Amino acid sequence: KAISFQGGVNHQLRTVTYAGASELDFNFGVSGEYHFSPYSGARASVDYAHITNTTMHNQDLIDYDFGNVNVSVDYLFDLSTLLAGYTKERQIDVALAMGPVLSSRLSEGYELMNKLSSTSLGAQFSVPVQWHINNNWGISLEPRARMFSKNYANLSYKTNVGKTTKLIDVQLGLKYTF
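Residues numbered from 1 in each chain as written. Predicted model: local features only at pLDDT ≥ 70, side-chain atom pairs only at ≥ 80, totals over all residues. Heavy atoms only, no water.

1. Brief notes about the pairing of strand S6 (residues 119-126)
Stage number 1. The alternating pattern of S6 places Ser-120, Gly-122, Gln-124 and Ser-126 on a buried face, while none of Thr-119, Leu-121, Ala-123 and Phe-125, on the opposite face, is buried.
Stage number 2. Where strand S5 (residues 92-105) lies against S6, 8 bridges are found, and the strand directions are antiparallel. Residue Ser-104 lies in a different strand from S6, and its bridge partner there is Thr-119.
Stage number 3. Note: S6 against strand S8 (residues 137-149), 5 bridges, orientation antiparallel. Across the sheet, Ser-126 pairs through a bridge with Arg-144, a residue of S8. (Buried < 20%, exposed > 50% of the residue type's maximum accessible area, 1.4 Å probe, protein only. Helix = DSSP H or I, 4+ residues; strand = E, 2+ residues; numbered from the N terminus. Pairing = 2+ DSSP bridges.)

2. Let's talk about the pattern of salt bridges
Stage number 1. Counting across every chain of the model gives 6 salt bridges.
Stage number 2. Of the charged contacts, one joins Glu-33 and Lys-175 as a salt bridge, the two residues approaching to 2.9 Å between their closest N and O atoms. Of this pair, Glu-33 sits in strand S2 (residues 25-35) while Lys-175 sits in strand S9 (residues 164-177); the two residues are 142 residues apart in sequence, bridging distant segments of the chain.
Stage number 3. Overlapping salt bridges bring together Arg-43, Asp-74 and Glu-142 as one network. (Salt bridge = Lys/Arg side-chain N within 4 Å of Asp/Glu carboxyl O.)

3. Describing the layout of surface pockets
Stage number 1. Estimated volume of the largest pocket: approximately 990 Å³.
Stage number 2. Lining the largest pocket are 49 residues, and of these His-35, Asp-93, His-132, Lys-175 and Thr-177 lie nearest its centre.
Stage number 3. Secondary-structure elements contributing two or more residues to the lining of the largest pocket are strand S1 (2-13), S2, strand S3 (40-57), strand S4 (60-78), S5, strand S7 (129-132), S8 and S9.
Stage number 4. Tallying contributions element by element places S3 first for the lining of the largest pocket, with 6 residues.
Stage number 5. Among the residues forming the lining of the largest pocket, the class breakdown is 16 nonpolar, 21 polar and 12 charged. (1 Å grid on protein atoms, 1.4 Å probe; cavity = no way out; pocket = protein on both sides within 12 Å on 5 of 7 lines; lining within 4 Å. Points joined across faces, edges and corners; volume = space filled by probe spheres on them. Nonpolar A, V, L, I, M, F, W, Y, C, P; charged D, E, K, R; others polar.)

4. What about the nonpolar core?
Stage number 1. One finds Ile-51, Phe-66, Val-101, Phe-148 and Leu-167 forming the largest nonpolar core, which totals 5 residues.
Stage number 2. In contact with Val-101, other than residues within four places in its own chain, are Asn-70, Val-71, Ser-72, Ser-120, Leu-121, Gly-122, Ala-123, Gln-124, Arg-146 and Phe-148. (Core = buried A, V, L, I, M, F, W, Y, C linked by side-chain atoms within 4.5 Å. Contact = heavy atoms within 4.5 Å.)

5. Regarding the confidence of the model for the chain
Stage number 1. Considering every residue of the chain, the mean pLDDT works out to 82; 73% of them sit at 70 or more.
Stage number 2. Every residue in residues 154-161 scores below 50 in pLDDT, and together they form 30 contacts with partners more than four places removed in sequence or on other chains. (pLDDT = per-residue confidence, 0-100.)

6. Observations concerning a nonpolar patch on the surface
Stage number 1. Taken together, the side chains of Val-9, Leu-24, Ile-92, Trp-131, Ile-133, Trp-137, Ile-139, Leu-141, Val-170, Leu-172 and Leu-174 present a nonpolar region at the surface, about 980 Å² in accessible area.
Stage number 2. Put simply, the parts of the chain that give the nonpolar patch at least two residues each are S8 and S9. (Patch = residues over 30% accessible without salt bridge, like charges linked within 9 Å, V, L, I, M, F, W, Y side chains within 5 Å. Areas by Shrake-Rupley, 256 points an atom, 1.4 Å probe, with all protein chains shown as cover.)

7. What about empty space enclosed by the protein?
Stage number 1. This model, assessed by the stated rule, comprises 3 cavities of 30 Å³ or more.
Stage number 2. Every residue lining the largest cavity is counted, 11 residues in all, and those nearest its centre are Asn-10, Ala-49, Arg-146, Leu-167 and Asp-169.
Stage number 3. Breaking the lining of the largest cavity down by element, the ones donating at least two residues are S3, S8 and S9.
Stage number 4. Across the lining of the largest cavity, the residue classes break down as 4 nonpolar, 3 polar and 4 charged.

Below, the structure written as structure tokens:
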């Protein structure tokens, strides 16, 4: 069993980037883990992601900000144990995590955002890496990719990569293992 607190930066992948548009935003969250075996476990997370977007509407560039609360559940698979066997003395662990994410928009920074869904279901994939300070404490670094339906964050599908919204982020965290 473990609990983590993390924060980091996020970026929305776009095919169109307007001059002066924000490229990096912030996020922070908390998660709880339970391991079924040395190879696998589950994690539930809640996080907040701030997103700044720029879009074209009626030939005008419009900036808007919004915040999303994301709730996710991941299956965790420990790559370190698979490749090198289980040992309590390991200093660094690497895992794969994947699962669904439900995102709900908190604030509306632009009136046309009412046309967007305020809740979106998506999927996420990440590679959590943890350095164990001691038996209980660890520092984690986690690159993550999330994919949502096209109405998640954009007014126009033309700014999305494909027909979905893709967000990437990196989080740095502190983890306590019970």
